[in-house]
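Residue-level structural notes
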Amino acid sequence: MGAILTAENIERIYRVGKTDLPVLKGVSLEVNLGETLAVMGESGSGKSTLLHVLGGLDKPKSGKVQFNGQSVYDMSQARLARFRSANVGYVFQSFHLLPELDIVENVALPAMATGSRKDAKVRATELLSEVGLAERVGHRPQELSGGEQQRVAIARALMNEPDIIFADEPTGNLDSKTGEKVLNYLFQLIEARRHTLVLVTHSQEVASRCSRELFLKDGLLI
Ligand SMILES: Nc1ncnc2c1ncn2[C@@H]1O[C@H](COP(=O)(O)OP(=O)(O)OP(=O)(O)O)[C@@H](O)[C@H]1O
Ligand SMILES: [Mg+2]
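Residues numbered from 1 in each chain as written. Chains lettered and ligands numbered in written order. Predicted model: local features only at pLDDT ≥ 70, side-chain atom pairs only at ≥ 80, totals over all residues. Heavy atoms only, no water.

As for helix α1 (residues 47–54)
Stated formally: Relative accessible area decides the class of each residue, using a 1.4 Å probe on protein chains only: under 20% of the type maximum gives buried, over 50% gives exposed, and in between gives partly exposed. Numbered from the N terminus, helices here are DSSP runs of H or I no shorter than four residues, and strands are runs of E no shorter than two.
In terms of residue burial, α1 counts as a mostly covered element, since six of its eight residues are buried. Along α1, the positions that sit buried rather than exposed are K47, T49, L50, L51, V53 and L54. G56 lies just past α1 and shows a positive phi near 75°.

In structure tokens form, the structure reads like this:
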């Protein structure tokens, strides 16, 4: 299996006041097509930062991120935005759903810009039923429980059939039983569609469900 994503020597430094805080100090990795990769590490070790850099959301100070051989941060802003919407799905720890839209519209959103709205809503409804929310389609996010909202966010991440999905502690805000249920949905969908997954987690149990585990420590992956 070939690499879908490679990162070479990624450095990311935050400037806080007058001090530089180096978070990633030369991280390199390859993500293989179809694998599920867990990234672990202490709070503050830079896991979210790394996920943002890999996902085309945050340009590193130096180093290279390549997706299918294309250098992500050499793309123009417009091309990078198109690349992200076509190839990448994100699931964040705090759902990031839009309160003014119902959940079908929330899920359909990534496809609204490019395709037909009607087709997008049909597919969004299908995805919602695959995550067990068929009965909630007319609802808005704030009318759902945390676990249900995270399932909406998972459906949204899959909407455009992305090649790669980044999930940042997707069950971090949920009780362990609900988290387990949400993860079951995520892994079922990913396995059925052979998506590639990079998952940040604090839980060894969750990491064990992935095909590979990496640890971020002192700015490097081990
Ligand atoms: N925008 C920012 N400006 C300055 N420092 C930041 C910024 N974002 C993150 N940091 C710092 O960078 C370090 C890494 O943050 P990051 O969010 O990547 O950690 P993390 O491993 O995801 O932690 P957690 O497990 O708590 O989510 C932290 O020390 C944090 O304080
Ligand atoms: Mg984080």
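Observations regarding the pairing of strand β4 (residues 62–67)
Where we set the bar: Any two strands with at least two DSSP-identified bridges between them are counted as paired.
Summarising the sheet, strand β1 (residues 3–16) and β4 pair through five bridges and their orientation is antiparallel. Across the sheet, E8 pairs through a bridge with K64, a residue of β4. Note that β4 and strand β5 (residues 70–71) share two bridges and pair antiparallel. Of the residues in β5, the one forming a bridge with F67 is Q70. Counting the residues between successive antiparallel strands, the hairpin from β4 to β5 contains two residues, one of them, N68, with a positive phi of roughly 45°.

A short note on the sheet that holds strand β10 (residues 220–221)
Here we have six strands laid out as an open sheet, ordered β6-β7-β8-β3-β9-β10, and mixed in their pairing. A strand with exactly one partner marks an edge of an open sheet, and here the two such strands are β6 (88–91) and β10. Two elements, strand β3 (residues 36–40) and strand β8 (residues 196–200), share four bridges in a ladder whose sense is parallel. Bridge pairing in β8 links A38 to L199.

Quick notes on the side chain of R12
For the record, the criterion: Throughout, a residue-residue contact means that at least one pair of heavy atoms, one from each residue, lies within 4.5 Å.
When you line up the elements, R12 lands in strand β1. Among all residues touching R12, those that are not within four sequence positions of it are L21, P22, V23, L24, T49, D58, K59, P60 and K61.

Observations regarding the site of ligand 1
Let me state the cut-off plainly: The rule for a residue being near a molecule or strand is that one of its heavy atoms must lie within 4 Å of it. Polar contacts here mean pairs of N or O atoms no more than 3.5 Å apart (in protein, one a potential hydrogen donor and the other a potential acceptor; neighbouring residues in sequence count only if both atoms are side-chain atoms). Residue exposure ignores everything except the shown protein chains as possible cover, and the areas themselves are Shrake-Rupley values with a 1.4 Å probe.
Neighbouring ligand 1 are 14 residues; S43, G44, K47, S48 and T49 lie closest to it. Between an oxygen atom of ligand 1 and a main-chain N or O atom of G44, the distance comes to 2.8 Å. A distance of 2.9 Å is found between an oxygen atom of ligand 1 and a backbone nitrogen or oxygen belonging to G46. Contact with the protein chains removes 62% of the 630 Å² of surface that ligand 1 exposes when unbound. If you list the elements that add at least two residues to the shell around ligand 1, you get β1, β2 (19–32) and α1. Top element by residues in the shell around ligand 1 is α1. It accounts for three residues.

Examining unusual backbone geometry
A positive phi angle, near 55°, is found at H96, a position not held by glycine. Relative to the assigned elements, H96 resides in the loop between β6 and α3 (103–112). Positive phi is not limited to glycine here, since E169 has a value of about 45°. Tracing the backbone through its elements, the reader meets E169 in the loop between β7 (164–168) and α6 (176–193). Accessibility expressed as a relative area gives 14% for E169, which makes it buried.

Section: the pattern of salt bridges
Short version of the rule: Definition used for salt bridges: Asp or Glu carboxyl oxygen within 4 Å of a side-chain nitrogen of Lys or Arg.
Evaluation of the coordinates by the stated rule reveals nine salt bridges. Across the pair D58 and R12 runs a salt bridge, and its minimum N-O distance is 2.9 Å. Remark: R12 occurs in strand β1 and D58 occurs in the loop between α1 and β4; sequence separation between them is 46 residues. An identical accessibility class is assigned to D58 and R12; each is buried.

Some words on the sheet that holds β5
Which entries qualify depends on this criterion: Axes here refer to lines fitted to C-alpha atoms; in helices the fit is confined to the stretch in contact. Angles between the N-to-C directions go from 0 to 180 degrees.
Spatially, β2-β1-β4-β5 is the arrangement adopted by the four strands of the open sheet, whose pairing is antiparallel. Of all the strands in the sheet, just β2 and β5 have a single pairing partner and so form its edges. Both β1 and β2 contribute to a ladder of eleven bridges, which runs antiparallel. The partner of I13 across the bridge, within β2, is P22. Its contacts with the sheet put α1 on β1, β2 and β4, and the angle it makes with β2 is roughly 60°.

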